[in-house]
Amino acid sequence: TLTSIDLTKNDLAGDGVIECLTSIPKLSSLNMAGNPVVSKVPYFRKKMIVASKTLRYLDRPVFEAERAATEAWATGGLESEREMKDK
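One structure accompanies this document, and this report is about it. Going along each chain's sequence as written, the residues are numbered from 1 onward. For a predicted model such as this one, the threshold for reporting local features is a pLDDT of at least 70, and the threshold for listing and counting side-chain atom pairs is 80 or more; totals across whole chains, interfaces and linings nevertheless cover every residue. Values shown for side chains rest on all heavy atoms present in the structure; no hydrogens or waters enter the calculation.

## Some words on the overall build of the protein
Alright, step 1. Each helix and strand in the protein was counted, giving 4 helices and 3 strands.
Alright, step 2. What counts as a helix is a DSSP run of H or I of at least four residues, what counts as a strand is a run of E of at least two, and both are numbered from the N terminus. Along the protein, helices (α) and strands (β) appear in the sequence β-α-β-α-α-β-α when read from the amino end.
Alright, step 3. The quantity called the radius of gyration is restricted to C-alpha atoms. Its globule counterpart is 2.2 Å times the number of residues to the power 0.38. Computed over C-alpha atoms, the radius of gyration of the protein comes to 13 Å, within 12% of the 12 Å expected from 2.2 N^0.38 for 87 residues, which places it in the range of a compact globule.
Alright, step 4. Structurally, the protein occupies a C-alpha span of about 35 × 30 × 20 Å along its principal axes.
Alright, step 5. When a residue's accessible area, from a 1.4 Å probe over protein chains only, is under 20% of the maximum for its type it is buried; when over 50% it is exposed; and in between it is partly exposed. Looking at the protein as a whole, 32% of its 87 residues qualify as buried.

Following this line, the structure appears as structure tokens:
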């Protein structure tokens with residue numbers, strides 16, 4: 001089972017990258033540094049964390065507090081994310 005992928009500096013771009021990567025059911029570690037998708041797709045990190053429940057590392061650790069805040073962002077926007085961070 002594929003759980004860890006290093007795609008550093010592969011010139012990956014576009015929203016389709018998120019769909020492709022989140023279709024890997026047990027993905028837990030992903031290195032994406034140096035790819036345009038990271039900086040050009042708005043909220044790339046948040047979208048990946050929300051869509052991939054098993055992801056624990058995305059260029060740096062995904063801690064539970066970040067996951068909770070990101071889940072709040074996905075359902076209620078920035079205000080909900082801020083409220084979750086303040087808890």
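Still more ground to cover, so stick around.
## Digging into helix 3 (residues 44–51)
Alright, step 1. Within helix 3, 6 of the 8 residues are buried, which leaves the element mostly enclosed by the surrounding structure.
Alright, step 2. Among the residues of helix 3, F44, R45, K46, M48, I49 and V50 are the ones counted as buried.
Alright, step 3. Turning to helix 3, the residues buried within the fold contact helix 1 (16–22), strand 2 (29–31), helix 2 (36–40), strand 3 (57–58) and helix 4 (64–86). Throughout, a residue-residue contact means that at least one pair of heavy atoms, one from each residue, lies within 4.5 Å.

## Here's the deal with unusual backbone geometry
Alright, step 1. If you check the backbone angles, D11 has positive phi at about 60 degrees while not being a glycine.
Alright, step 2. Checked against the element boundaries, D11 lands in the loop between strand 1 (4–6) and helix 1.
Alright, step 3. Of the residues examined, D11 reaches a relative accessible area of 62% and is grouped as exposed.
Alright, step 4. Of note in this structure, Y43 is not a glycine but carries a positive phi near 60 degrees.

## Digging into the packing of aromatic side chains
Alright, step 1. For this analysis, a ring pair means two rings from Phe, Tyr or Trp (six-membered ring only for Trp) whose centres lie within 6.5 Å, classed as stacked if their planes differ by under 30 degrees, edge-to-face if by over 60, and tilted for the remaining angles. In the structure shown here, the tally under the stated rule is 1 aromatic pair.
Alright, step 2. Ring geometry for Y43 versus W73: centroids 5.1 Å apart, planes at 45 degrees, classification tilted. With Y43 in the loop between helix 2 and helix 3 and W73 in helix 4, this pair connects stretches of sequence that are 30 residues apart.

## Re the sheet that holds strand 1
Alright, step 1. If you trace the 3 strands from one edge of the open sheet to the other, you get 1-2-3, paired in parallel fashion. Only two strands of the sheet have a single neighbouring strand rather than two, namely strand 1 and strand 3. Strand pairing is assigned whenever DSSP detects at least two bridges linking the two strands.

## Regarding the pattern of salt bridges
Alright, step 1. One side-chain nitrogen of Lys or Arg within 4 Å of one carboxyl oxygen of Asp or Glu is enough to make a salt bridge. Overall, the coordinates contain 5 salt bridges when judged by the stated rule.
Alright, step 2. Across the pair E81 and K46 runs a salt bridge, and its minimum N-O distance is 2.8 Å. With E81 in helix 4 and K46 in helix 3, this pair connects stretches of sequence that are 35 residues apart. Summarising the burial analysis for this pair, E81 and K46 share the class buried.
Alright, step 3. The partner of E81 in a salt bridge is K85, and the shortest N-O contact between them spans 3.4 Å. Of this pair, E81 and K85 are both found in helix 4, 4 residues apart, which corresponds to roughly one turn of the helix.
Alright, step 4. Here E81 falls in the buried class, since its relative accessible area comes to 7%.
Alright, step 5. Each of K46, E81 and K85 takes part in a single network of salt bridges with overlapping partners.

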